[in-house]
Amino acid sequence: MASLKAALSKPFAKYVAKRIKKWSSKPVETQQNVFQNLIAQAKQTAFGKDHNFSAIATYEDFQANVPIRDYEELKPYVERVVGGEEDVLWKGKPIYFAKTSGTTSGAKYIPITKESMPTHVEAARNAILMYIYETGHSKFVDGKMIFLQGSPILEEKNGIKLGRLSGIVAHYVPKYLQKNRMPSLETNCIDDWETKVEAIVDETINEDMSIISGIPSWVQMYFEKLIEKSGKNVGDLFKNFNLFIFGGVNYEPYRAKFENLIGRKVDSIELYPASEGFFAFQDKQNERGMLLQLNSGIFYEFVEAEHFFEDNPKRITIGEVKLNVNYVMIISTTAGLWAYNIGDTVEFTSLKPYRVIVSGRIKHFISAFGEHVIGKEVEQALKEATANTSISVNEFTVAPQINPEEGLPYHEWLIEFENEPENLQDFIIALEQSLQQQNSYYLDLIEGKVLRPLKITKIVTNGFQTYMKSIGKLGGQNKIPRLSNDRKIADMMYQLNLAK
């Protein structure tokens, strides 16, 4: 029999679904309200004064006054905030800094304000409520839940707490979920990822786990250790485990592997959280893409990725976007980020309502020869090449080989197989065909004999974990880039003798 908590969650889910429908059915109006509110609240900030906010009445005024910036370009303002100054990017001071390890700029300090913090928590909660509303399943709220996340221990800098976003959010788990939540605070505070996973396995192996959440690659490590210790697959160990919540990477390359580890299919909810804001969540089980959060204090702009590096590329708002175009997503938020490039590229899968998929990173692509291959394309190629086969892949990354010892240049796929192809050449042909169909520039370069077809290099078991450990990024929110425009990762894999 369902508990009172499970019973009450259904009318609450219905109420939330109604509210979401209200703003999602009026997207342009919703975004216009967010835009006007942002400008009004930041007029008296240092940034607002420097960028003439008091004269901004329209989106065109905003474009004229506020250029697109990335973290490096916004850094002078951020440093003033970190130094303890008030009213710089947003009124007052932030309540937190989400500390992230930037690939180009060392540590990044992303402000989180009292206005922006609730939107992170609310979106995660609403994702689960929309699942309850759609499926009618609510019994899982009585089981144990695990969120694989960073340590909740926070440091302090000039009176402002700082830590990883997942560690900050850990302080906001609603009271009604607290007693069901795992692991213990003590275990969550363990810094070393491998030690932490071992401790989580010990704490959870005999529990009734119903929700498991985290980045797929790290959840996979947890699952493998559970199986190693119990001798059972995860679905037999946790009979009521029926919901996997994930974010940060595309789940598709992991899906077959997960179903094998669990021993059955489970429902999943995809989230799109970042330190800069909680942008989207999957609102329907059978729809591709995640509902863009247009009512969360975030004003969105989009620039077509292929024009992004031109001088003054065209910026557009939600009402002008098209399906299946690769856009760089630009945000202005109640945390004081203005026309800020977070580095992600997205594609719209639906315009009624607006749903997106993350297609890659604007810096994570291969265009050593003008092919501009993106993350979504290599993931799609892998999905198609492994479909209806026994091949399964643990992890992979792709790099250009510009100066081979002989022959034409090529794309090198470094793949850690769980189940290797019986015929590697057939697998290469399938990958190659999919990539050529998706990307006409790549096809032209192959046909024009500028590039030769891709090459696969096998990576030893747990090779990617070894690599991540070697650069101090094992666990937490860290992910392997699906592809790079240089050979830093590939060369390191060879140096560490991880490439067969």
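Just above sits the structure.
Computed from a predicted structure; not experimentally measured.

## Regarding helix α2 (residues 27-41)
Between its first and last C-alpha, α2 extends 21 Å over 15 residues, near the 21 Å set by a 1.5 Å rise per residue. Among all positions in α2, only Pro27, Thr30, Gln31, Val34, Phe35, Leu38 and Ile39 are buried. Mapping the buried residues of α2 onto a view down its axis gives an arc of 165°, with all of them on the same face.

## Quick look at the pattern of salt bridges
Taken as a whole, this structure holds 19 salt bridges when the rule is applied. For the salt bridge of Arg80 with Glu85, the shortest nitrogen-to-oxygen distance reads 2.8 Å. You can call Arg80 partly exposed: its relative accessible area is 32%. With a relative accessible area of 35%, Glu85 lands in the partly exposed category. A salt bridge links Lys458 to Glu420, with the nearest nitrogen and oxygen atoms 2.8 Å apart. Within this pair, whereas Lys458 is found in strand β20 (residues 455-458), its partner Glu420 is found in the loop between β19 (410-419) and α15 (424-438), the two being separated by 38 residues in sequence. By relative accessible area, which is 37% here, Glu420 ends up partly exposed. Residues joined in a network through salt bridges with shared partners are Lys91, Lys114 and Glu115.

## Things to note about the packing of aromatic side chains
All chains considered together, the criterion is met by 28 aromatic pairs. Here Phe244 and Phe246 contribute two aromatic rings whose centre-to-centre distance is 5.6 Å and whose plane-to-plane angle is 20°, an arrangement assigned as stacked. Residue classification places Phe244 among the buried positions, given a relative accessible area of 0%. Look at Phe279 and Tyr300: their rings are 6.4 Å apart centre to centre, the planes differ by 70°, and that puts the pair in the edge-to-face class. Placement of Phe279 in strand β10 (residues 277-281) and of Tyr300 in strand β12 (residues 298-304) is noted, with a sequence separation of 21 residues between them.

## Observations concerning empty space enclosed by the protein
For the coordinates displayed, the defined rule picks out four cavities of 30 Å³ or more. Counted as a void, the largest cavity has a volume near 180 Å³. Together, 15 residues line the largest cavity, and Ser217, Asn394, Glu395, Phe464 and Gln465 are the ones closest to its centre. Mapped by element, the contributors of at least two residues to the lining of the largest cavity are α11 (216-230), β18 (392-401) and α17 (463-470). Of the residues assigned to the lining of the largest cavity, the class counts are five nonpolar, six polar and four charged.

## Some details on the environment of Gly214
Mapped onto the secondary structure, Gly214 falls in the loop between β7 (209-213) and α11. According to the relative accessible area criterion, Gly214 is buried, its value standing at 9%. Along the chain, Gly214 and Tyr15 lie 199 residues apart, while their C-alpha atoms are 27 Å from each other. Dropping the residues within four chain positions of it, Gly214 is found in contact with Leu148, Val219, Phe244, Ile245, Phe246 and Gly247.

## Quick word on the environment of Asn180
Mapped onto the elements, Asn180 comes out in the loop between α8 (175-178) and β6 (181-182). Classification of Asn180 by relative accessible area gives buried; the value is 5%. Between the C-alpha atom of Asn180 and that of Glu379, which follows or precedes it by 199 residues, the distance is 35 Å. Look past the residues within four positions of Asn180 in its chain and what remains in contact with it is Lys5, Val141, Asp142, Gly143, Lys144 and Met145.

## Focus on α11
Spanning 15 residues, α11 covers 21 Å between terminal C-alpha atoms, matching the ideal 21 Å at 1.5 Å per step. Every buried residue of α11 is accounted for by Pro216, Ser217, Trp218, Val219, Gln220, Met221, Tyr222, Phe223 and Leu226. Count one or two residues on from α11 and you reach Gly231, which has phi positive near 75°.

Cut-off values and rules
- Counting restarts for each chain, with residues numbered from 1 along the sequence as it is written.
- Note on the predicted model: pLDDT of at least 70 is required for a residue's local features to be given, and 80 or more for side-chain atom pairs to be given and counted; whole-chain, interface and lining totals, by contrast, use all residues.
- Hydrogens are left out, water is left out, and the side-chain values use all remaining heavy atoms of the structure.
- Comment: elements are numbered from the N terminus, with helices defined as DSSP H or I runs of at least four residues and strands as E runs of at least two.
- Given the number of residues in a helix, its expected span is that number minus one, multiplied by 1.5 Å.
- To sort residues, take the accessible area from a 1.4 Å probe on protein chains only and compare it with the maximum for the residue type: under 20% means buried, over 50% means exposed, and anything in between is partly exposed.
- The arc under discussion is defined with respect to the helix axis, by the directions toward the C-beta atoms.
- A carboxyl oxygen of Asp or Glu within 4 Å of a side-chain nitrogen of Lys or Arg is what we treat as a salt bridge.
- For this analysis, a ring pair means two rings from Phe, Tyr or Trp (six-membered ring only for Trp) whose centres lie within 6.5 Å, classed as stacked if their planes differ by under 30 degrees, edge-to-face if by over 60, and tilted for the remaining angles.
- A 1.4 Å probe that fits but cannot get out identifies a cavity on a 1 Å grid over protein atoms alone, an open set with protein on both sides within 12 Å along at least five of seven lines counts as a pocket, and a residue lines either if it has an atom within 4 Å of a point.
- Grid points are joined across faces, edges and corners, and a volume is the space filled by probe spheres set on the points.
- Residues are grouped as follows: nonpolar covers Ala, Val, Leu, Ile, Met, Phe, Trp, Tyr, Cys and Pro; charged covers Asp, Glu, Lys and Arg; every other residue, Gly included, is treated as polar.
- Here, two residues are considered to be in contact whenever any of their heavy atoms come within 4.5 Å of each other.

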